[in-house]
Structures are given as C-alpha cells and as structure tokens.
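Structure assessment
Take a look at the letters that make up each chain.
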Amino acid sequence: DCQATLGAIHEPELLNNDLKSQEWWSAALATCDRLLVKAVASKLPPSLHTQVRMRRAEALTGKRLYNLAMAAWEEVPLNGPENIDYEFSSGKATTLFRAGRYGESLDLAKTTALGLKHPPLVYTIARELALNLKGLAITDLSKEERSKWIEAYSNTSIELLHKARDMGYFSNPQTKKFLAE
C-alpha cells in the first residue's frame, strides 16, 4: 500500500517524466526484492508474502517488463480472503492490458467481478474497465480493432455496473456519499 500511496502522491510528476517513473519503479522493485529475501528468512506471515509478491509484479509492470511481470503474478500464493483474490486479478488484468493482451485482460476482470460477493469490488472493476477506455483510445491498433475493444470494455463495464446496482451498491447511503464527493 506504500507503493500505491507514493504513486498517488507523485503520479502527476511520474506521468510526465518517463525517466523519473522508471527510476521510481526500479526502486519499488528493489524494495520488493529485499522484502522477499527478509520474508523467506524471517518466515513472515503468508499474507505479507502475498502482498510483497503482488507489489513486485506491479513494479515489473510499471517497468514495462510484461513477460517477467506475468511470471511474477504466477508466483503469488493465493489462499486469502475475497479482497486478495480481487487485488490479484485486478493487478494481473492490468499487466495483461498494458501488454496489449486486451481479450485476456477483459476476460479475467469480468470473470473475477462476476464471482465477487462484495458490491464495492464489483463497482471498482467496472470503473477500472471504463478507465481503460482512455488507454485503448491511444493504442496503435487499427481503427476497427480499437473500436471492437472499446465496445467490449464499455459493454462489460456497464454490465458490471448493473450487477453492482442489483447487489444494492448504489442504494447504500455511504456509497451515495462517497460517489457524490
């Protein structure tokens, strides 16, 4: 979560400066590697081990080392609560998307969302799919291919928003307050 917080703080600077972005991801990767060595040596809880492995896969994605990132996702031990499965699937779907594997990314996100019992997580996946539309708009795909993926991501996002609604997500007063802010 440290990485995500730092990323949110420095995002504008990192988005506009590829060199700084890559330096930041390299530092994040080095930190993860150090933590993994300590986790194994100290026999830290499996949940911490899982989190560090996921952060490592995300750092490799940030460095655009997609094949290594996919291998890192396969090394993540999964045996936790629903939010860990969601976090894993969401992160892996992001790697697939950034690697240009749009169909696999969409399938994983949709399959994950349809299996979730927690409405905020379903909503979050729908939102992430909608945000991916910006990324699809600037790809070097042909116009027809880009249109196909934009439609597929849009339709799936809408389908998942309907699922979140049917699960009662939008009728919750806290959700309404959150969405209004």
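In the block above lies the structure referred to throughout.
Thresholds applied
- Residues numbered from 1 in each chain as written.
- Predicted model: local features only at pLDDT ≥ 70, side-chain atom pairs only at ≥ 80, totals over all residues.
- Heavy atoms only, no water.
- Axes fitted to C-alpha atoms, helices over the stretch in contact; angles between N-to-C directions.
- Helix = DSSP H or I, 4+ residues; strand = E, 2+ residues; numbered from the N terminus.
- Parallel < 35°, antiparallel > 145°, perpendicular 65-115°, else oblique.
- Contact = heavy atoms within 4.5 Å.
- Nonpolar A, V, L, I, M, F, W, Y, C, P; charged D, E, K, R; others polar.
- Expected span 1.5 Å × (residues − 1).
- Buried < 20%, exposed > 50% of the residue type's maximum accessible area, 1.4 Å probe, protein only.
- Salt bridge = Lys/Arg side-chain N within 4 Å of Asp/Glu carboxyl O.
- Left-handed = near helix turned anticlockwise from the far one by under 90°.
- Phe/Tyr/Trp six-rings, centres within 6.5 Å; stacked < 30°, edge-to-face > 60°.

Some details on the packing of helix α6 (residues 102–115) against helix α8 (residues 143–166)
Contact geometry of α6 with α8 gives a least axis separation of 11 Å together with a crossing angle of 5 degrees. What the angle tells us is that α6 and α8 run roughly parallel. When α6 is examined against α8, the residues Tyr102, Gly103, Ser105, Leu106, Lys110, Ala113 and Leu114 are found in contact with a partner set consisting of Trp149, Ala152, Tyr153, Thr156, Glu159, Leu160 and Lys163. Classifying every residue of the contact of α6 with α8 by side-chain character gives eight nonpolar, three polar and three charged.

Focus: helix α3 (residues 46–62)
Residues lying three or four places apart along an α-helix face the same way, a consequence of the helix completing one turn every 3.6 residues. With 17 residues, α3 extends 24 Å between its outermost C-alpha atoms, agreeing within 8% with the 24 Å of an ideal straight helix rising 1.5 Å per residue. Regarding α3, the residues found buried are His49, Thr50, Val52, Arg53, Met54, Arg55, Ala57, Ala59, Leu60, Thr61 and Gly62. Arg64 occupies a position one or two residues after α3 and carries a positive phi of about 65 degrees.

Things to note about the pattern of salt bridges
Applying the stated criterion across every chain, the model contains eight salt bridges. Put simply, Lys148 and Glu145 hold a salt bridge, and the shortest N to O gap is 3.4 Å. With Lys148 and Glu145 both in helix α8, this residue pair falls three residues apart, about one helical turn. Overall, the relative accessible area of 43% leaves Lys148 in the partly exposed class. Note on Glu145: relative accessible area 30%, which makes it partly exposed. What you see here is one network of salt bridges that share partners, running through Arg55, Glu58 and Glu87.

Focus: the packing of α6 against helix α7 (residues 119–137)
Where α6 meets α7, the axes come as close as 9 Å, and the angle between the chain directions of the two elements is 165 degrees. Comparing their axes, α7 and α6 come out roughly antiparallel. Judged by the twist between their axes, the crossing of α6 over α7 is left-handed. Residues Tyr102, Leu106, Ala109, Thr112 and Ala113 of α6 form the contact with α7, whose own contacting residues are Val122, Ile125, Leu129 and Leu136.

As for unusual backbone geometry
Phi at Arg64 is positive, roughly 65 degrees, even though this residue is not glycine. Looking at Arg64, the relative accessible area reads 43%, which means it is partly exposed.

What to know about the side chain of Ser157
With respect to the element layout, Ser157 can be found in helix α8. You can call Ser157 buried: its relative accessible area is 6%. With residues near it in sequence (within four places) discarded, Ser157 still touches Ala126, Leu129 and Ala130.

Focus on α7
Between the first and last C-alpha of α7 there are 28 Å, a value that for 19 residues agrees with the 27 Å anticipated at 1.5 Å per step. Three or more residues of α7 are buried, namely Pro119, Leu121, Val122, Tyr123, Thr124, Ile125, Ala126, Leu129, Asn132 and Leu136.

Remarks on the packing of aromatic side chains
Applying the stated criterion to the full structure yields seven aromatic pairs. Consider the rings of Phe97 and Tyr153, whose centres lie 5.7 Å apart with planes at 70 degrees: the pair is edge-to-face. One end of the pair, Phe97, is in helix α5 (residues 82–98); the other, Tyr153, is in helix α8, with 56 residues separating them in the sequence. Taking 5.0 Å as the distance between ring centres and 25 degrees as the angle between the ring planes, the aromatic pair formed by Tyr123 and Tyr169 counts as stacked. With a gap of 46 residues between them, Tyr123 in helix α7 and Tyr169 in the loop between α8 and α9 (173–180) connect regions that are remote in the sequence. Across the pair, exposure class does not vary: Tyr123 and Tyr169 are buried alike.

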